[in-house]
Amino acid sequence: MFCQELAKQLARDVLPKLEEESVKLVAVGIGTAARAKEFCAHIKFPEEYLYADPENACYSSLGLKKGVVTTFFSPETPYSILARGQKDGAKDLVEAVQRWKPWIPPKLDQGLQQGGTFVFDGKNEVFQHYDPSTGAHAELSEVLAAAVGG
């Protein structure tokens, strides 16, 4: 459900600004291409920006965290939910929970995969955020600043 929340925020708050500056968005998700299409339809996220990674190649190459401890037993998760609640009543998260549909990933351990956010200028990485736990995403204002210079 946290990925659904983030996808909605990216499409609504980030993508229009990136497009204004001709900056490309690439989102990568676990699962198959068919599941990616279903996800995009469910969230109303533009399909052309989401790439499926059924083998976890991208996640593994970037060294993103995976495991029970970082997924379920990290204090960053409740703190990130608390911050959402203080900001706007966790409106986007509440909406994601209401429409959340569980699914089984191609590899069962992918359910324990954490994400991250990266900004590249060509081959040079100019921003990185490794999600420390479930739902503890990068601040989108920082991502935008790195991507478009403010």
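Residues numbered from 1 in each chain as written. Predicted model: local features only at pLDDT ≥ 70, side-chain atom pairs only at ≥ 80, totals over all residues. Heavy atoms only, no water.

Asker: Which residues make up the nonpolar core, and what are the values?
Answerer: Nonpolar side chains tend to gather and get buried jointly when the protein is soluble and globular. Residues L10, V14, L25, F45 and L50 are the most contacted members of the largest nonpolar core, which totals 17 residues. Elements with a minimum of two residues in this core: α1 (2-20), α2 (33-43) and α7 (140-148). Considering every element that reaches this core, the biggest residue donor is α1, with 6 residues. (Core = buried A, V, L, I, M, F, W, Y, C linked by side-chain atoms within 4.5 Å. Buried < 20%, exposed > 50% of the residue type's maximum accessible area, 1.4 Å probe, protein only. Helix = DSSP H or I, 4+ residues; strand = E, 2+ residues; numbered from the N terminus.)

Asker: Tell me about the side chain of Q113, and please be specific about residues and values.
Answerer: With respect to the element layout, Q113 can be found in the loop between α6 (91-99) and β3 (116-121). Looking at Q113, its side chain comes within polar contact range of the side chain of N56, at 2.6 Å. Sequence-distant contacts of Q113, that is, excluding residues within four places in its chain, are made with I30, N56, Y59, L64, K65 and K66. (Polar contact = N/O pair within 3.5 Å; in protein donor to acceptor, adjacent residues only side chain to side chain. Contact = heavy atoms within 4.5 Å.)

Asker: Hey, could you go over the packing of α1 against α2 for me, with residue numbers and the actual values?
Answerer: The geometry of α1 relative to α2 is characterised by a closest axis approach of 10 Å and an angle of 65° between their N-to-C directions. Every pair of crossing elements has a handedness; the one defined by α1 and α2 is right-handed. In this structure, α1 uses C3, Q4, A7 and K8 to contact α2, whose residues at the interface are F39, H42 and I43. Classifying every residue of the contact of α1 with α2 by side-chain character gives 4 nonpolar, 2 polar and 1 charged. (Axes fitted to C-alpha atoms, helices over the stretch in contact; angles between N-to-C directions. Left-handed = near helix turned anticlockwise from the far one by under 90°. Nonpolar A, V, L, I, M, F, W, Y, C, P; charged D, E, K, R; others polar.)

Asker: Any chance you could break down α7 for me, citing the residues and the numbers?
Answerer: Among the residues of α7, those classed as buried are L140, V143 and L144. Projection of α7 onto a plane perpendicular to its axis shows the buried side chains occupying an angular sector of 95°, all on one side. Summarising the contacts, the buried residues of α7 are in contact with α1, β3 and β4 (124-130). (Arc of directions from axis to C-beta.)

Asker: Can you lay out the packing of aromatic side chains for me, pointing to particular residues and giving the numbers?
Answerer: All chains considered together, the criterion is met by 1 aromatic pair. Taking 5.2 Å as the distance between ring centres and 85° as the angle between the ring planes, the aromatic pair formed by F118 and Y130 counts as edge-to-face. Here Y130 lies in strand β4 and F118 lies in strand β3, a separation of 12 residues in the sequence. Overall, the relative accessible area of 17% leaves F118 in the buried class. (Phe/Tyr/Trp six-rings, centres within 6.5 Å; stacked < 30°, edge-to-face > 60°.)

Asker: Talk me through the layout of surface pockets; I want residue IDs and the actual numbers.
Answerer: Considered as a void within the structure, the second largest pocket measures approximately 540 Å³ in volume. The wall of the second largest pocket is formed by 24 residues, among which Q9, R84, K87, A138 and E139 lie closest to the centre. Taken together, the elements giving at least two residues each to the lining of the second largest pocket come down to α1, α5 (76-88), α6 and α7. The leading source of residues in the lining of the second largest pocket is α1, at 6 residues. Of the residues contributing to the lining of the second largest pocket, the split by class is 8 nonpolar, 6 polar and 10 charged. (1 Å grid on protein atoms, 1.4 Å probe; cavity = no way out; pocket = protein on both sides within 12 Å on 5 of 7 lines; lining within 4 Å. Points joined across faces, edges and corners; volume = space filled by probe spheres on them.)

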